[in-house]
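# Observations on chain architecture
Each chain, letter by letter, is given below.
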Amino acid sequence: MQAASATVKRFGVLPRLFPGRRQFAATASQCEPTDPPQSPPPSARLSMKMSGWQLHNYGGIEELQLSDKLKLPQIRSSDECLVRVRTTAVNPIDLAMLGGYGSTLLNQFRCQANDDIEFPLTLGREFCGELVQKGMGVRHEQLQLGTRVWGVVPIPNSNGAHAEYVVVPASCLAPAPKLLDDSEASSVLYAGLTAWSGMYITGGLGGPCGATTSAGGGANKRVLVLGGSGSVGSLAIQMLKSQGAQVLATCSENAVEMVRQLGADCVVDYTKPDAMEQLCTYAPYDIVLDCAGQGGQAAAESQYDFRQYITFSSPLLANIDKKGLCLGALQNVSDLVQTNMKTATQRGGVVKWGYFYPAAHGIEFLSGLVERGKLIPQIDSTFDFKDMPKAFERLKCGHMRGKIVVKLQSE
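Values in this document were obtained by computation on a predicted structure and should not be read as measured data.

The subject of this paragraph is the overall build of the protein. When helices and strands are counted, the protein shows 16 helices and 15 strands. Every one of the 411 residues in the protein was classed for burial, and the buried ones make up 56%. Of the contacts formed within the protein by residues at least 6 apart in sequence, a portion of 71% connects residues at least 24 apart. For the protein, the exposed area adds up to about 17,200 Å²; of that, 51% sits on carbon and sulfur atoms.

Structure, rendered in structure tokens:
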């Protein structure tokens, strides 16, 4: 996001960042059916019910409720797929949405998708599972029934992956890499696409090809990753190193060795002021990637110069939740302009907001890295499906070393 005008443009194209059923239905209507309708999975023919975790009110972890009588999600567009979930993950966005974060804007997209009722809501943004049903417009040769797949759920979807079955657009799916087991495969895409989007779409790291294809890029660039031991930061480091970038990272003392093993050229304990001063000797940075939740306001207060400061902790949705769509949008413009006025004069760079974007070519990029052994997911802890609230409690405690995985089926 380059400036205030860019913010308005970015806000104007938010709907394409969150693919909804209406968009896909419109595309599907232009396609002539070439495949016969797929039969529902055996379990669906028996009862059309499934187990899943839902919330009927925003609030704390106690709002999560497990039910074995949930209605099986239905394919509504010819390019959607029904997947039987084997493993899923719990992400910070799930915990935030549990408390109502982003509901003002996201409910607008749900209404556009003909979902008139806000609740019940099933969380869960990523998964690994088995493709059991697909729409007539899904022609991808690799997406055959029975294929082991990994995928992500567009954020506005009211039916997430914390259930036995999930429906997503085919563009959000791909065959799961053979080198990863189910738990590993369910712990890459949400954080990986967030990091990829921040670097290649927001940051333009690989130029136009980096943003629009799976080409990657970034050789000889110098990038500082704040929060290198977390789910997004740990993947970002590996992605950058695979492209030949020089990577520096910050983390807590007990994670320094782990981050070094990920490939970072220099790792600094952020709790030690003397160690943090070392970062100034490497400045200016082409990109500072804030995966630690510091936000754009911290950019001007940093000790080192940079060309771009990209944070995944933007106030965009929070402002809209607080002030509504119109006033919230104006507040977003104001916040970004004020932040950039400070950083431009003090640090010589610009602040931008990164975001999760479920791009098919982003999934392809991540798949390629896994297949070449350049990306290994880090798993903090694993929980059984019945213990989903415990997984949320672990996330709430913070200081994860990778992802929190939830198993629905034995591997």
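On to the nonpolar core, then. In terms of nonpolar packing, the biggest core is built from 87 residues, with Phe 127, Trp 150, Leu 173 and Met 239 touching the most fellow members. The greatest single-element share of this core, amounting to 8 residues, is contributed by helix H8 (residues 189–202). Among the nonpolar cores identified, the runner-up in size contains 16 residues, and Leu 248, Met 276, Ala 298 and Val 351 belong to it.

Counting buried positions over the 5 residues of strand E8 (residues 222–226) gives 4, a clear majority of the element. The pairing of E8 with strand E9 (residues 246–251) spans 5 bridges and is classified as parallel. By the bridge assignment for E9, Val 223 is matched with Val 247. On the question of chirality, the crossover connecting E8 to the parallel E9 by way of helix H10 (residues 231–242) is right-handed. Direction of pairing for E8 relative to strand E11 (residues 287–290): parallel, over a ladder of 4 bridges. Following the sheet pairing, Val 223 is matched in E11 by Ile 287.

On to the packing of H8 against helix H15 (residues 360–371). The N-to-C vectors of H8 and H15 enclose an angle of 110 degrees; their axes lie 10 Å apart at closest approach. Accordingly, the angle class assigned to the pair H8 and H15 is roughly perpendicular. Contact residues: H8 offers Leu 189, Gly 192, Leu 193, Trp 196 and Tyr 200, while H15 offers His 361, Gly 362, Ile 363, Phe 365 and Leu 366. Looking at the contact of H8 with H15 residue by residue, the classes come out as 7 nonpolar, 3 polar and no charged.

What follows concerns the pairing of E11. Residues Ile 287 and Leu 289 point to one face of E11 and Val 288 and Asp 290 to the other, with burial holding for every one of them. In this structure, E11 lies alongside strand E12 (residues 308–311), joined through 3 bridges in parallel fashion. Opposite Leu 289, over in E12, you have Ile 310 as the bridge partner.

Once that is clear, we can look at the packing of aromatic side chains. Under the counting rule described, the total for this entry stands at 7 aromatic pairs. Ring geometry for Trp 53 versus Phe 385: centroids 6.5 Å apart, planes at 75 degrees, classification edge-to-face. With Trp 53 in strand E1 (residues 49–54) and Phe 385 in the loop between strand E14 (379–384) and helix H16 (388–397), this pair connects stretches of sequence that are 332 residues apart. The exposure class of Phe 385 is buried, given its relative accessible area of 12%. With a centroid separation of 5.6 Å and 50 degrees between ring planes, the pair formed by Phe 306 and Tyr 309 is classed as tilted.

This next bit is on the sheet that holds E11. A sheet is described by the order of its strands in space; here 6 strands give the open sequence E10-E9-E8-E11-E12-E13, paired in parallel fashion. In this open sheet, the two edge strands, each paired with only one partner strand, are strand E10 (266–269) and strand E13 (350–353). The sheet shows a mean angle of 20 degrees between the axes of neighbouring strands, taken without regard to direction. Sheet strands touched by H8: E11, E12 and E13. Its angle to E12, the strand with the most contacts, is close to 145 degrees.

This model, assessed by the stated rule, comprises 12 salt bridges. The salt bridge involving Asp 182 is made with Arg 148; its shortest N-O contact spans 2.8 Å. With Asp 182 in helix H7 (residues 182–185) and Arg 148 in strand E5 (residues 148–152), this residue pair connects regions lying 34 residues apart in the sequence. Here Asp 182 falls in the buried class, since its relative accessible area comes to 6%. Residue Lys 241 pairs with Asp 265 through a salt bridge whose shortest N-O separation is 3.1 Å. You can see Lys 241 sitting in helix H10 and its partner Asp 265 sitting in the loop between helix H11 (256–261) and E10, a full 24 residues away along the chain. The network of salt bridges with common partners includes Arg 86, Arg 148 and Asp 182.

Let's shift gears to the environment of Ala 211. Within the secondary structure layout, Ala 211 lies in helix H9 (residues 207–212). For Ala 211, a relative accessible area of 21% gives the class partly exposed. In this structure, the C-alpha to C-alpha distance between Ala 211 and Ala 359, residues 148 residues apart in sequence, is 9.7 Å.

So, on to the packing of H8 against H10. With their axes 8 Å apart at the nearest point, H8 and H10 run at an angle of 60 degrees to one another. Judged on the interaxial angle alone, H10 and H8 are oblique. For the pair H8 and H10, the crossing hand works out as right-handed. Contacts between H8 and H10 pair Ala 191, Gly 192, Thr 194, Ala 195, Trp 196 and Met 199 from the former with Ser 231, Val 232, Leu 235, Ala 236, Met 239 and Leu 240 from the latter. Its residues assigned to classes, the contact of H8 with H10 comprises 9 nonpolar, 3 polar and no charged.

Conventions we followed
Residues numbered from 1 in each chain as written. Predicted model: local features only at pLDDT ≥ 70, side-chain atom pairs only at ≥ 80, totals over all residues. Heavy atoms only, no water. Helix = DSSP H or I, 4+ residues; strand = E, 2+ residues; numbered from the N terminus. Buried < 20%, exposed > 50% of the residue type's maximum accessible area, 1.4 Å probe, protein only. Contact = heavy atoms within 4.5 Å. Areas by Shrake-Rupley, 256 points an atom, 1.4 Å probe, with all protein chains shown as cover. Core = buried A, V, L, I, M, F, W, Y, C linked by side-chain atoms within 4.5 Å. Pairing = 2+ DSSP bridges. Right-handed = clockwise from strand over helix to strand, strands pointing away. Axes fitted to C-alpha atoms, helices over the stretch in contact; angles between N-to-C directions. Parallel < 35°, antiparallel > 145°, perpendicular 65-115°, else oblique. Nonpolar A, V, L, I, M, F, W, Y, C, P; charged D, E, K, R; others polar. Phe/Tyr/Trp six-rings, centres within 6.5 Å; stacked < 30°, edge-to-face > 60°. Salt bridge = Lys/Arg side-chain N within 4 Å of Asp/Glu carboxyl O. Left-handed = near helix turned anticlockwise from the far one by under 90°.

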